[in-house]
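These are the residues of each chain, in order.
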Amino acid sequence: MQTFETILGQKAIKKHFTTAIATGKISHAYILNGEEGMGKMTLAEAFSLMLLCENPGGDPISPCLNCHGCKQVLSHNHPDLIYVTHEKPGSIGVDDIRRQINDTVAIRPYSSPYKIYIIDEAEKMTGQAQNALLKTIEEPPSYVVIMLLTANQEAFLPTILSRCVQLKLKPLKDEDIKNYLIQEKGIAEETAEIYSAFARGNLGKAVYLAESEEFQAVYQTMLALLKHLRSMDIAELMETVRKLKDESLNLDECLDFMQLWYRDVLMFKVTKDMNLLIFKEEYFSINDMSKNSSYQGLETILESIEKARTRLRANVNMELAMELLLLAMKEN
């Protein structure tokens, strides 16, 4: 578990929380909105740690990490910090909210000034569950803080949104993610740069990619395909599509790889600066491709990648969508 001092980025959210604690103006309900892996739970736990610390101090205010309250939070064993769970994997039902929040909210905190409820994947709350929660948010006891963590706050009822402080997580800078991977994970700079580019500002995704055997398979397959695409015949292209299907590779990651590769080709064609490349180790292949591709052709390929992404999300046949994409890439 981290403190605000160790959490990368999200300065505005950390400032909001520390100011709220310093002024005593703590809301009864917060929404932390951001895609999976961006650190919603990390921020919620860091805020909880500050609220439940028995000896906070410093400037800015920070938890002592040594008191009984801090130790309980760090061990996920604090009686006043409740993680709301749900039995059904796809939804949070009204019974979950009633049993874990509404039926316990009137019980005062056991050992601290606050009683904190954290609801992860809160967008999975059914309409009934949200209405049940709304009753508590509208008239909460003074000591209650409810934190809704979500990747899609548009799933909430307007009445829920209007009664919560809404905080949106922002993507981190690629440079910050790269430095984290190098310093904390011991990853080589060239590789860390690739992971940070793929992560698009999402630290959790970058760490996942660095540790994922599946992504390594995507990397090797896509690299071999793109480097030899020009010399492949139609039968080989179709075989590649079958391989993608048979190996169940993550198609979003495959498309991301293609997009970043051709971004590099276009970037190098314009600037001739290899320092701007993501795939620096593939300089010779990218240089050769930039010489043999037109600006219009590269733009067509990038558009075709987005078309393939749209088709796949619309449940168009995977093989057809990928075949059309590879043919467009070969032609241009």
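Procedures and definitions
Residues numbered from 1 in each chain as written. Predicted model: local features only at pLDDT ≥ 70, side-chain atom pairs only at ≥ 80, totals over all residues. Heavy atoms only, no water. Pairing = 2+ DSSP bridges. Helix = DSSP H or I, 4+ residues; strand = E, 2+ residues; numbered from the N terminus. Axes fitted to C-alpha atoms, helices over the stretch in contact; angles between N-to-C directions. Contact = heavy atoms within 4.5 Å. Expected span 1.5 Å × (residues − 1). Buried < 20%, exposed > 50% of the residue type's maximum accessible area, 1.4 Å probe, protein only. Arc of directions from axis to C-beta. Parallel < 35°, antiparallel > 145°, perpendicular 65-115°, else oblique. Left-handed = near helix turned anticlockwise from the far one by under 90°. Nonpolar A, V, L, I, M, F, W, Y, C, P; charged D, E, K, R; others polar. Salt bridge = Lys/Arg side-chain N within 4 Å of Asp/Glu carboxyl O. Patch = residues over 30% accessible without salt bridge, like charges linked within 9 Å, V, L, I, M, F, W, Y side chains within 5 Å. Areas by Shrake-Rupley, 256 points an atom, 1.4 Å probe, with all protein chains shown as cover. 1 Å grid on protein atoms, 1.4 Å probe; cavity = no way out; pocket = protein on both sides within 12 Å on 5 of 7 lines; lining within 4 Å. Points joined across faces, edges and corners; volume = space filled by probe spheres on them.

Colleague: Would you explain the sheet that holds strand E1 (residues 29-33) in this entry?
Modeller: Strand-to-strand pairing in sheets goes through backbone hydrogen bonds, with the strands running parallel or antiparallel. The 5 strands are arranged E2-E3-E4-E1-E5 in an open sheet whose pairing can be described as parallel. The open sheet is flanked by strand E2 (81-84) and strand E5 (165-168), the only strands paired with a single partner. Ignoring strand direction, the axes of neighbouring strands in this sheet form an average angle of 20 degrees. When E1 meets E5, the two strands line up parallel, connected through 4 bridges. Each residue of the ladder has a partner; that of Leu32, found in E5, is Leu167. Seen against the sheet, helix H5 (residues 127-138) touches E1, strand E3 (115-119) and strand E4 (144-150) and runs at an angle of roughly 140 degrees to E4.

Colleague: I tried to follow the environment of Leu49 on my own but got confused; where do I start?
Modeller: With respect to the secondary-structure elements, Leu49 resides in helix H2 (residues 40-52). Each C-alpha atom, one on Leu49 and one on Ile97, is 23 Å from the other, the two residues being 48 residues apart in sequence. If sequence neighbours within four positions are ignored, Leu49 has contacts with Gln2, Thr3, Pro63, Leu65, Cys70, Val73 and Leu74.

Colleague: Explain helix H7 (residues 174-185) to me, please; I cannot follow it from the model alone.
Modeller: A rise of 1.5 Å per residue sets the reference length of H7, with its 12 residues, at 16 Å; its end C-alpha atoms lie 15 Å apart and thus fit the reference within 8%. For H7, the complete set of buried residues consists of Ile177, Lys178 and Leu181. Along the axis of H7, the buried positions cluster into a sector of 100 degrees, meaning they face one direction only. Exposed residues lying more than 90 degrees from the buried face of H7 are Gln183 and Glu184. Buried-residue contacts for H7 involve helix H8 (189-199) and helix H9 (203-211). At the exit of H7 stands Gly186, carrying a positive phi of roughly 65 degrees.

Colleague: What is the right way to look at the pairing of E3 in this model?
Modeller: Working note: regular strand, side chains alternate between the two faces of the sheet. E3 sits mainly inside the fold: 5 of its 5 residues count as buried. Across the two faces of E3 the burial is the same, with Lys115, Tyr117 and Ile119 and Ile116 and Ile118 all buried. Sheet topology places E2 next to E3; 4 bridges connect them, and they run parallel. Considered in E3, the bridge of Ile82 is made with Tyr117. As defined by bridge partners, E3 adjoins E4 across 5 bridges and the pair is classed as parallel. Within the sheet, the bridge partner assigned to Tyr117 lies in E4 and is Ile146.

Colleague: When you look at unusual backbone geometry in this model, what are you seeing that I'm missing?
Modeller: Unlike most non-glycine residues, Glu121 shows phi in positive territory, near 50 degrees. For Lys272, which is not glycine, the phi torsion reads 60 degrees and is therefore positive. Classification of Lys272 as exposed rests on a relative accessible area of 53%.

Colleague: Is there a simple way to explain the packing of helix H12 (residues 251-271) against helix H14 (residues 295-313) in this structure?
Modeller: When two helices pack together, you describe them by how their axes are tilted relative to each other and by the distance separating the axes. Here H12 crosses H14 at 165 degrees, and the two axes come no closer than 10 Å. What the angle tells us is that H12 and H14 run roughly antiparallel. The handedness of the crossing between H12 and H14 is left-handed. Contacts between H12 and H14 pair Leu251, Asp252, Leu255, Asp256, Met258, Gln259, Tyr262, Arg263, Val265, Leu266, Lys269 and Val270 from the former with Tyr295, Leu298, Ile301, Leu302, Ile305, Glu306, Ala308, Arg309, Leu312 and Arg313 from the latter. Split by residue class, the contact of H12 with H14 holds 14 nonpolar, 1 polar and 7 charged.

Colleague: I tried to follow the pattern of salt bridges on my own but got confused; where do I start?
Modeller: Note that side chains of opposite charge can pair when their charged atoms are close. Throughout the structure, instances matching the rule amount to 16 salt bridges. In this structure, Glu175 engages Lys178 in a salt bridge whose closest nitrogen and oxygen atoms are separated by 3.6 Å. With Glu175 and Lys178 both in helix H7 and 3 residues apart, the pair spans about one turn of that helix. For Glu175, a relative accessible area of 44% puts it in the partly exposed group. The partner of Asp252 in a salt bridge is Arg309, and the shortest N-O contact between them spans 3.6 Å. Placement of the pair is Asp252 in helix H12 and Arg309 in helix H14, with a sequence separation of 57 residues.

Colleague: Looking at this structure, I do not really get a nonpolar patch on the surface. What am I missing?
Modeller: Judged by side-chain polarity, Met1, Leu65 and Leu74 come together as a nonpolar surface patch covering roughly 230 Å² of accessible area. Looking at the element boundaries, Leu65 is found in the loop between H2 and helix H3 (68-74).

Colleague: In this structure, what is going on with empty space enclosed by the protein? I would like to understand it.
Modeller: Gaps between atoms show up when a probe of the same size as a water molecule is rolled over them. Counted according to the given criterion, the structure contains 1 cavity of 30 Å³ or more. Within this model, the largest cavity holds a volume of roughly 90 Å³. Lining the largest cavity we find Leu226, Leu229, Arg230, Tyr262, Met289, Ser293, Ile301, Met329, Lys330 and Asn332. Looking at the lining of the largest cavity residue by residue, the class counts come to 6 nonpolar, 2 polar and 2 charged.

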